[in-house]
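Structural characterization, general
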Amino acid sequence: MAAGRGFDHVPRGLPGLQRDFRLSEFLQTLGRRRRRRGWRSCVVRGRGGPSAGGLRVGSPHPAPCAMHPRRPDGFDGLGYRGGARDEQGFGGAFPARSYGTASDLSHWVTTPPDIPGSRNLHWGEKSPPYGAPAPATPPEGPAEEPFPGGGGAPGQSSEQLNRFAGFGIGLASLFTENVLAHPCIVLRRQCQVNYHARHYHLTPFTVINIMYSFNKTQGPRALWKGMGSTFIVQGVTLGAEGIISEFTPLPREISHKWNPKRIGEHLLLKSLTYVVAMPFYSASLIETVQSEIIRDNTGILECVKEGIGRVIGLGVPHSKRLLPLLSLILPTVLHGLLHYIISSAIQKFVLLILKRKTCNSHLAESTSPVQSMLDAYFPELIANFAASLCSDVLLYPLETVLHRLHIQGTRTIIDNTDLGYEVLPINTQYEGMRDCINTIRQEEGVLGFYKGFGAVIIQYTLHAAVLQITKIIYSTLLQNSV
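Residues numbered from 1 in each chain as written. Predicted model: local features only at pLDDT ≥ 70, side-chain atom pairs only at ≥ 80, totals over all residues. Heavy atoms only, no water.

Side note on the overall build of the protein chain
Quick note on the threshold: For the purposes of this entry, the term helix denotes a DSSP run of H or I that reaches at least four residues, the term strand denotes a run of E that reaches at least two, and both are numbered from the N terminus. When a residue's accessible area, from a 1.4 Å probe over protein chains only, is under 20% of the maximum for its type it is buried; when over 50% it is exposed; and in between it is partly exposed. Note on contacts: a residue pair is in contact if any heavy atoms of the two residues lie within 4.5 Å. For the area figures, the Shrake-Rupley method with a 1.4 Å probe applies, and any residue is considered shielded solely by the protein chains shown.
Broken down by element type, the protein chain carries 13 helices and two strands. Put simply, the protein chain has 482 residues, and 36% of those count as buried. Contacts spanning at least 24 positions in sequence make up 72% of the contacts within the protein chain whose residues lie at least 6 apart. Carbon and sulfur atoms make up 61% of the accessible area of the protein chain, which amounts to about 29600 Å² in all.

Digging into helix H4 (residues 182-193)
Heads up, the condition is: Expected helix span is taken as 1.5 Å per residue step, with the number of steps being one fewer than the number of residues.
Compared with the 16 Å implied by 1.5 Å per residue over twelve residues, the 17 Å span of H4 between its first and last C-alpha is a close match. With twelve of its twelve residues buried, H4 lies for the most part within the structure. Within H4, burial applies to His 182, Pro 183, Cys 184, Ile 185, Val 186, Leu 187, Arg 188, Arg 189, Gln 190, Cys 191, Gln 192 and Val 193.

Some remarks on the packing of H4 against helix H11 (residues 396-407)
Any two packed helices are characterised by the angle at which their axes cross and by the distance between the axes. Rules: Helix axes are fitted only over the stretch in contact, all axes being lines through C-alpha atoms; the angle between N-to-C directions runs from 0 to 180 degrees. Oblique is the label for any angle not covered by the other classes, which are roughly parallel (under 35 degrees), roughly antiparallel (over 145) and roughly perpendicular (65 to 115). Put simply, Ala, Val, Leu, Ile, Met, Phe, Trp, Tyr, Cys and Pro go in the nonpolar bin, Asp, Glu, Lys and Arg in the charged bin, and everything else, Gly too, in the polar bin.
The contact between H4 and H11 brings their axes to 9 Å, and the two run at 75°. The angle between H4 and H11 places the two elements in the roughly perpendicular class. Listed contacts from H11 to Arg 188, Arg 189, Gln 192 and Val 193 of H4 are Tyr 396, Glu 399, Thr 400, His 403, Arg 404 and Ile 407. In terms of residue class, the contact of H4 with H11 is made up of three nonpolar, three polar and four charged.

Brief notes about the packing of aromatic side chains
Rules: Pairing of aromatic rings covers Phe, Tyr and Trp, the last through its six-membered ring, and needs centres within 6.5 Å; plane angles under 30 degrees mean stacked, over 60 mean edge-to-face, and all others mean tilted.
Enumeration over the complete set of coordinates arrives at four aromatic pairs. For the ring pair Tyr 396 and Tyr 450, a centre distance of 6.0 Å and an interplane angle of 10° mean the geometry is stacked. With Tyr 396 in helix H11 and Tyr 450 in the loop between helix H12 (433-443) and helix H13 (453-481), the pair connects residues that are 54 residues apart, well separated along the chain. The exposure class assigned to Tyr 450 is partly exposed, which follows from its relative accessible area of 28%. An aromatic cluster is built from Tyr 396, Tyr 450 and Phe 453, whose rings are joined through pairwise contacts.

A few points about the pattern of salt bridges
The condition is simple: Here, a salt bridge means any side-chain nitrogen of Lys or Arg that lies within 4 Å of a carboxyl oxygen of Asp or Glu.
Across all of its chains, the model carries eight salt bridges by this definition. The partner of Arg 188 in a salt bridge is Glu 399, with the nearest N and O atoms 2.9 Å apart. Residue Arg 188 is found in helix H4, and its partner Glu 399 is found in helix H11; the two are separated by 211 residues along the sequence. One salt bridge in this structure joins Asp 415 and Lys 225, with 3.4 Å as the shortest N-O distance. With Asp 415 in strand S1 (residues 413-415) and Lys 225 in the loop between helix H5 (204-218) and helix H6 (227-247), this residue pair connects regions lying 190 residues apart in the sequence. Lys 225 matches Asp 415 in its accessibility class, with the two residues each being buried. One continuous salt-bridge network, built from bridges that share partners, spans Glu 241, Arg 252 and Lys 270.

Quick notes on the nonpolar core
This is how it is decided: By nonpolar core is meant a set of buried Ala, Val, Leu, Ile, Met, Phe, Trp, Tyr and Cys residues that side-chain atoms within 4.5 Å join together.
Judged by nonpolar contacts, Ile 169, Phe 378, Leu 381, Phe 385, Tyr 396, Phe 453, Val 456, Tyr 460, Leu 467, Tyr 474 and Leu 478 together constitute the single largest core of eleven residues. Mapped by element, the contributors of at least two residues to this core are helix H10 (369-394) and H13. Sort the elements by how many residues they give to this core and H13 lands first, with six residues.

Considerations on the environment of Ile 232
On the secondary structure map, Ile 232 appears in helix H6. For Ile 232, a relative accessible area of 15% translates into the label buried. Along the chain, Ile 232 and Leu 301 lie 69 residues apart, while their C-alpha atoms are 8.2 Å from each other. Those residues in contact with Ile 232, other than ones at most four positions away along the chain, are Ile 300, Leu 301, Cys 303 and Val 304.

Side note on unusual backbone geometry
Notably, His 201 is not glycine yet its phi reads approximately 55°, a positive angle. With respect to the element layout, His 201 can be found in the loop between H4 and H5. Unusually for a residue other than glycine, Arg 411 sits at a positive phi of about 55°. In this structure, Arg 411 sits in the loop between H11 and S1. For Arg 411, a relative accessible area of 57% puts it in the exposed group.

Observations concerning a nonpolar patch on the surface
Filter applied, for reference: Every patch collects residues that have over 30% relative accessible area and no salt bridge, joining them within 9 Å if they carry like charges and within 5 Å if they are nonpolar side chains (Val, Leu, Ile, Met, Phe, Trp, Tyr).
On the surface, Ile 293, Ile 294 and Val 423 cluster together into a nonpolar patch covering about 240 Å² of accessible area. Within the secondary structure layout, Val 423 lies in strand S2 (residues 423-425).

A word on the confidence of the model for the protein chain
The following threshold applies: Scored between 0 and 100, pLDDT is the confidence that the predictor attaches to each residue.
Per-chain confidence: the protein chain averages 75 in pLDDT, with 61% of residues scoring 70 or above. The least confident element of the protein chain is helix H1 (residues 2-8), whose mean pLDDT is 45; the most confident is H11, at 96. Ignoring residues within four places in sequence, the model shows residues 114-123, a span with pLDDT below 50, making 13 contacts including any to other chains.

Observations concerning the packing of H4 against helix H7 (residues 260-289)
Running from N to C, H4 and H7 cross one another at 95°; their axes reach a closest spacing of 9 Å. Classed by the angle they form, the pair H4 and H7 counts as roughly perpendicular. Residues His 182, Val 186, Arg 189 and Gln 190 of H4 pack against Tyr 281, Ser 284, Leu 285, Thr 288 and Val 289 of H7. Classifying every residue of the contact of H4 with H7 by side-chain character gives four nonpolar, four polar and one charged.

Quick look at the side chain of Asn 178
Which entries qualify depends on this criterion: Distance and chemistry together define a polar contact, namely a pair of N or O atoms within 3.5 Å, with one atom able to donate a hydrogen and the other to accept it when in protein, and with adjacent residues in sequence counting only for side-chain atoms on both sides.
Structurally, Asn 178 is set in helix H3 (residues 154-180). A polar contact of 2.8 Å, which involves the side chain of Asn 178, links it to the side chain of Gln 234. When sequence neighbours within four positions are dropped, the list of residues in contact with Asn 178 reads Met 227, Phe 231 and Gln 234.

Observations regarding the environment of Lys 471
Here Lys 471 shows up in helix H13. On a C-alpha basis, the gap between Lys 471 and Tyr 377 in space is 9.7 Å, while along the polypeptide they are 94 residues apart.

Dropping the structure here:
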């Protein structure tokens, strides 16, 4: 640079000196370029430049090539195992090392900044450091229980098993309530309307004996008569409730934010439904209690025909003792509303207790997937079972009065529940609900309201047995799946 400064002060009148100083300036520039190229190769490739390992003249700092490079020569990422290149640029200041573990490479690998939205990150999440296992992100939606034996799709296996379990349990409950319990319903109604009977059949042992006699003398159809009409009555009830709720502001269900007005409107909807289904209920009652000995082969829709005929006054002629439908509205609606209120209250109460007990057991100890799935289905079934049992037992005397009022004057002939092989006519002359209650109390006693109660015991014993068998089968299937 001294020559450069001298070149700037060379007089213009001396061309020889100008040429000498230009040659000197060219050599100095070429030297600076060579030194700069050597420093870059030292940093990038890890090799020493022209002045590697030395000091600049007149400077206390080492030359650029004397500094160690950031990465050793031969480093090829995470798979580096230390290819010891003994090059002169490293000298003795950078010995060869082996990077076989993640901790040795932790200072070479850097973590990119955490940007929400990049690499499937969400707000509040951090990228894990190198060597730490990445946490598995749970899928959106409800968590599913693991099923190791489910193959490659445990979620699908669990969902299919849950659907199968719900369908099977619901089907078993419906089968028990409407099919398996129908013989008990038939005999129970025959005992209720038989005011001649000396045997009240309050225990299940006498009921089994009389059921065997009916089956022996009249065949299996004697205990399964009128089953189609019971399904028709249920369908009419559901259809009437749905239609009335659609065309009126009456609520079909009560939400959690209830008030007395909403409850009254809901009970009014239930009352109107019972009134609409009342004539069809009378026809179904006649089919279930009439003796199979004198009964003609009627079709399934005979219940609908008889119900419509009861409303408009046509069809089979009845006696003068037949009560008008207006006088049957009060006992029918009263029995239906009380049955609905009692069963709903008991169902909510039992379900609340079972859920609280299940929650406490889950907090106390870890629950297996099998027990968790059982707790998801069976508390509701047990609550329905307890609600139906309590309501039928509490309202059994009122049901006896209701059936006697509905059957009066229909010229129905029933089986003799004392002997099991004879028939008896119904010739009651009740003037109304109060007269029926007083007459039964005076002539038959208090136990006269409970005639045929042993059939209720058999009915709910069978129901409980079916629920328990279903639970055992379901537990076995779940354990085999898990």
